[in-house]
Each structure stands twice: as structure tokens, then as C-alpha cells.
Amino acid sequence: MTAEIKAFLLSIGAADTEDEKMVLPTLKSTAGPSAGSSGSVFIASNGRRVRLNLDKNAPLKIRKIPGTADEIAVFFQAGSDPVVTGKIEPALAHCPEQAYLNLSEKCIFDCKYCSVPILRGHTKTKEETLKIIKDAFSKGNAKAISITSGVEKTPEGELERVLELMPELKKMNVPVGVSIYPVSGGSEKLKKAGVSEVKYNIEAADPEIFKRVCSDLSETAVFDELEEAVRLFGRGKVFSNVIAGLGETDESIERMIEKLADLGVISCVRPIYENALRKNDCFMERPSKERLLKLFEAQKKISQKYDLCPEKSETMCSLCTGCDMVPGRDG
Ligand code: SF4
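Residues numbered from 1 in each chain as written. Predicted model: local features only at pLDDT ≥ 70, side-chain atom pairs only at ≥ 80, totals over all residues. Heavy atoms only, no water.

Undergrad: Go over the environment of P310, please, and point to the residues and values.
TA: As for its position among the elements, P310 is in the loop between α9 (289-305) and α10 (316-320). Along the chain, P310 and V174 lie 136 residues apart, while their C-alpha atoms are 18 Å from each other. Those residues in contact with P310, other than ones at most four positions away along the chain, are I266, S303, S318, V326, P327 and R329. (Helix = DSSP H or I, 4+ residues; strand = E, 2+ residues; numbered from the N terminus. Contact = heavy atoms within 4.5 Å.)

Undergrad: Any details on the packing of aromatic side chains? Residues and values, ideally.
TA: Taken as a whole and assessed by the stated rule, the structure comprises two aromatic pairs. Consider the rings of F8 and F76, whose centres lie 5.1 Å apart with planes at 85°: the pair is edge-to-face. Separated by 68 residues along the polypeptide, F8 in helix α1 (residues 3-12) and F76 in the loop between β5 (71-75) and β6 (84-89) bring together distant segments of the chain. Across from the ring centre of F223, 4.3 Å away, lies the NZ or CZ of K259, which sits over that ring. (Phe/Tyr/Trp six-rings, centres within 6.5 Å; stacked < 30°, edge-to-face > 60°. Lys NZ or Arg CZ within 6 Å of the ring centre and 35° of its normal.)

Undergrad: I'd like a description of the side chain of R286, backed by residues and values.
TA: Looking at the secondary structure, you find R286 in the loop between β14 (265-271) and α9. The side chain of R286 is buried and forms no salt bridge, while E274, the nearest opposite charge, is found at 5.9 Å. Of the polar contacts made by the side chain of R286, one reaches the backbone oxygen of L10; its length is 2.6 Å. If near-sequence neighbours (up to four positions away) are discounted, R286 is found in contact with L10, S11, I12, G13, P271, I272, Y273 and E274. (Buried < 20%, exposed > 50% of the residue type's maximum accessible area, 1.4 Å probe, protein only. Lys, Arg positive; Asp, Glu negative; His and termini not counted. Salt bridge = Lys/Arg side-chain N within 4 Å of Asp/Glu carboxyl O. Polar contact = N/O pair within 3.5 Å; in protein donor to acceptor, adjacent residues only side chain to side chain.)

Undergrad: Hey, could you go over the pattern of salt bridges for me, with residue numbers and the actual values?
TA: Summed over the entire model, instances satisfying the criterion amount to 28 salt bridges. When the shortest N-O distance is used, the salt bridge between K106 and E152 registers 3.9 Å. Taken together, the positions of K106 in the loop between β8 (98-102) and α2 (116-119) and E152 in the loop between β9 (144-148) and α4 (155-170) put the pair 46 residues apart, joining distant regions of the chain. Judged by its relative accessible area of 16%, K106 is buried. Residue classification places E152 among the partly exposed residues on the basis of a relative accessible area of 22%. We note a salt bridge from K192 to E188, for which the minimum N-O separation is 3.8 Å. One end of the pair, K192, and the other, E188, are both in helix α5 (residues 186-193), four residues apart, so they sit about a helical turn from each other. The network of salt bridges with shared partners includes R49, E89, E97 and K143.

Undergrad: Please set out the nonpolar core residue by residue, giving values where relevant.
TA: Ranked by size, the top nonpolar core spans 60 residues in total, and within it L169 and L190 carry the most contacts. If sequence neighbours within four positions are ignored, L169 has contacts with L130, I133, I145, I147 and V176. Formed by 21 residues, the second largest nonpolar core is a distinct cluster that contains I43, V50, I72 and V74. (Core = buried A, V, L, I, M, F, W, Y, C linked by side-chain atoms within 4.5 Å.)

Undergrad: Break down α4 for me, with residues and values.
TA: Here α4 spans 22 Å end to end across 16 residues, near enough to the 22 Å set by a 1.5 Å rise per residue. The largest bend along α4 measures about 30° and falls at E164, with the proline P167 one to four residues further on. Its buried side turned inward, α4 meets α3 (126-138), β9, β10 (176-179) and α5. (Expected span 1.5 Å × (residues − 1). Bend = angle between axes of the 7 residues up to and from the residue.)

Written as C-alpha cells, this is what we have:
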């Protein structure tokens, strides 16, 4: 898988398989814009990884390569050569090599591209959370624990939920990453509790689109806590999702990547998942391969200019790389 092929696969974002057992256990996403999708598959090839949603109607088809133990090929058009060959990677919890958990599958906010507020799922108890993490570690090869959460009642409540877990999580002796809605003073508490990296999502690159699609959130509050987090955790240890596909221009995304990089924050440029549950609520358009590659090139240059190294991330999405083009890991 080259960077170009990964960008092509991400631009489609979904695949069908000839046999569901090939990708078991399939994983239903319970966090963020793709929550509620019917499961996903991770494909590893040539040191790169991509995550594709499972969708019977997707134009990408995953087939076993006859005569091999576990090699697969991904086809775009019947009768043509495969787009890529590789292996299906098992997930430990949500993604490979990490126990990545969503604590609360509910959210009091209503970002217009996200199905979590509509699905109103389950909030895990501490015991449930620790059991999932232990089960993930029993599968071996766990490099990190990453925690995210919707907002069941208050952002402060989610911070407390994470802090209560931390004494147990630290015993696992791997880096812990936390991505929750920012709370003033929360970064200091997370740092003291032993968290390694944090992610507070700015979501929309264009301030006008942010006001429209994330009308319950405060861009200022996110930026203030990102700045505080860099002071505490250090440059390159703080992350922020920037969604591509909400109607913004490439220039606005590049400006946002640079604004974040100037603070010491690494962007995760995330192709929008056109969630069927929200299709009438805001503009959503999966970015093309060309757009993803253009934004990737811009992010690489900005990362170099500000001496940020996404490839050194120890937790969360810049370690996983399944959903985004990650400078230093994808090229
Ligand atoms: S990149 Fe992030 S959201 Fe995507 S599969 Fe990996 S951990 Fe999950």
C-alpha cells in the first residue's frame, strides 16, 4: 500500500467482504462521526494500515488470495487487478495494538455530522471498562490504552470518569491517551493522573462552519485547553481532529493545521464519514483521493516547519493511523 493507494481507499472508506468470517470480530464504532456503522476492517500492507467500514454496497471488495494462509486482495472493479494486497489485522479493542475505548456512547451536544447524540448508547461502568481492557491485553501486543467519551451529562463528569480509571490503567504499564471534551483545568488533572497524551477536537476548520455544525461547543474553550495541554504535556503530545468534508476549503484546513501546529498541536485530518443518520443535518462530502493527498502534503510541510513528529505519537489515532493520512507514518 502506497500513500496514494491508502488515500484512494480512504476516499471510498468502505468495503464489502466475500465472507464475513474473514474479518471477525467485526467492530461497531460507538464514537464520533462513524458511530453506528456496521463494523469495520483493518488492512495492513507494506507498513501502512487502513480502516474501512463494512458495507455490502461498497465498490471495494475484499477477497482471500487462494493458496495463501491469510493474504487478502482488495478489488475496485471486477476483472481488474487488485488495488492492494495485504492482511486483515485483528483489533484488540476498537483498533489493532491498542485498547481504545469509548466510555459514554451518549452526548448532550449535537454536532450535526455525528450520530452519537441520536443513538444514545450505553455508558460503560468502571468494571465493564476494565474488563474490556484486560481482555484486550490478554490478546497480546497492546502498546497503549486510549480513552474517548461522549458527554453523558457534563464534560466535568467525563473528566472524573477518566480520572477514576487512571490508577488501574497505570498498572498496565503502557502510555495512556485521553480524548474528551476539554474542561478548564482538566489537562492539569489528567497530567497529574499519569496520562501521556491528550486530544481535544476542534472538528471544523472553518470558524463559520464550526458555529453552524458544532453550535453547542466553544472554539475558544477548545483552543484555550489545547494551549494549556501543550504547556503541560509538551509540543507534539497534544492532538486535535480536523474534519475534511464539511464544506470547508483546502486553505481553511491548511490554515487550521498551521494554527494548531504553531501551538504545538498535531492535527488528525479526518475524512468525514457521511453518516446516513445525519444526511439532512449538514453538508458532508467524503474527500477525494486527490484532496486527501493535497492535505497530506500540506500537513507534512507544516509538521516539518514546526518540528512536530506525528510518527512519535504513542497513543490514539496518530498511532493507529487507520482513518487518516499520518505524516511520518504514511510517508
Ligand atoms: S484512527 Fe482513530 S478512530 Fe480510526 S480506527 Fe484508529 S483509533 Fe479508531
